[in-house]
Amino acid sequence: GLVDRNRSCVMKLVHARLHDSLNDSLNDCGGEGCAHLRCVGGRIGLALRRRAYRMPLPPQLPGATVLLTGALGFLGKVVLERLLASSKPARVFLLLRPKHGYSAQERLAHAKTRPCFAHLPPSAWDIVVALEGDTESPGLGLSAADAAAAAATTHVIHMAASVDFDLPLADAARANVVGALHVLEFARGCPRLKRLVHTSTAYVAWPDAADGLLGEP
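Within every chain, residues take consecutive numbers counted from 1 along the sequence as written. Note on the predicted model: pLDDT of at least 70 is required for a residue's local features to be given, and 80 or more for side-chain atom pairs to be given and counted; whole-chain, interface and lining totals, by contrast, use all residues. In computing side-chain properties, one takes all heavy atoms of the structure into account and sets aside hydrogens as well as water.

**Q** It is not clear to me how the nonpolar core should be interpreted in this structure. Could you clarify?
**A** The tendency in soluble globular proteins is for nonpolar side chains to be buried as a group. What we call a nonpolar core is a set of buried Ala, Val, Leu, Ile, Met, Phe, Trp, Tyr and Cys residues that are connected through their side-chain atoms within 4.5 Å. For every residue, the accessible area (1.4 Å probe, protein chains only) is compared with the maximum for its type, and the residue is labelled buried under 20%, exposed over 50%, or partly exposed between those bounds. Residues L68, L80, L94, W125 and I157 are the most contacted members of the largest nonpolar core, which totals 25 residues. No other element matches helix α3 (residues 76-87), which puts four residues into this core. The contact criterion used throughout is that any non-hydrogen atoms of two residues lie within 4.5 Å. Non-local contacts of W125, meaning those with residues more than four positions away in its chain, are made with L80, L84, L108, K112, F117 and L120. Grouped together as the second largest cluster of nonpolar side chains are 12 residues, L131, L142, V183 and F186 included. What counts as a helix is a DSSP run of H or I of at least four residues, what counts as a strand is a run of E of at least two, and both are numbered from the N terminus.

**Q** Please explain the pairing of strand β4 (residues 91-96) as it appears in this structure.
**A** Successive residues of a regular strand alternate their side chains across the two faces of the sheet. Most of β4 is tucked away: five of the six residues are buried. Bridging between strand β3 (residues 65-69) and β4 involves five bridges; their strand directions are parallel. Directly across from T65, in β4, lies its bridge partner R91. Orienting the strands away from the viewer, one traces the path from the first strand over the helix to the second; a clockwise path indicates a right-handed crossover. Handedness of the crossover is the feature at issue here: the chain leaves β3, passes through α3, returns alongside β4, and the resulting connection is right-handed. At least two bridges found by DSSP between two strands are what make those strands a pair. Here β4 runs beside strand β5 (residues 128-132); their pairing, made up of five bridges, is parallel.

**Q** Could you clarify how one ought to interpret the sheet that holds β4 in this entry?
**A** Backbone-to-backbone hydrogen bonds pair the strands of a sheet. The strands run either parallel or antiparallel. With respect to topology, five strands assemble into an open sheet ordered β5-β4-β3-β6-β7, the strand pairing being parallel. Each edge of the sheet is formed by a strand with only one pairing partner; in this case those strands are β5 and β7 (195-198). The average undirected angle you get between the axes of adjacent strands in this sheet is 15 degrees. Its contacts with the sheet put α3 on β3, β4, β5 and β6 (155-158), and the angle it makes with β3 is roughly 165 degrees. To get an axis, a line is fitted to the C-alpha atoms, and for a helix only the part in contact is used. The angle between two axes follows their N-to-C directions and goes from 0 to 180 degrees.

See the structure below:
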């Protein structure tokens, strides 16, 4: 699939996204600039050097139409960057909800300025279309025109979720369970669909098995 399920890849994904998120803080450190992160109540300290991590190349997807949710989230940006840099799809739809008074198109315009996308040529964004919607709404909250366009999707990558562990149970279920079901229902209505990828957290399905699969108890 699009996600290489091994520890090395997962850690590089996390490192690359943290490098983006902590970029401003690292600039203030001087020298090579280190950010030391400690797990709360844990024993592991993670030192991140200010440098770019070389990511494994995802499969080529010539002619594919990709629908990506959670594209501006913690790992979503990394997946989007890899899609635009290496996979060569024909179209990438980003499902973005309005946030803090900004429309989906305005959020996409701001995302293009982020450090993790700095190396991409402007032409890389020609295949990207922002669709205003929300996974928590039936039909992903898409307008009729956007839903018709997105129906041409061949690959769905669902990365939208809440990782706020303090959410009330009902809110967490709506974001992480109901949202996933809405994505599944939409994918079922895409006649050209080839693959649906659902991304969970490393702590829910860590690939200990040799084949990368984790059996249910």
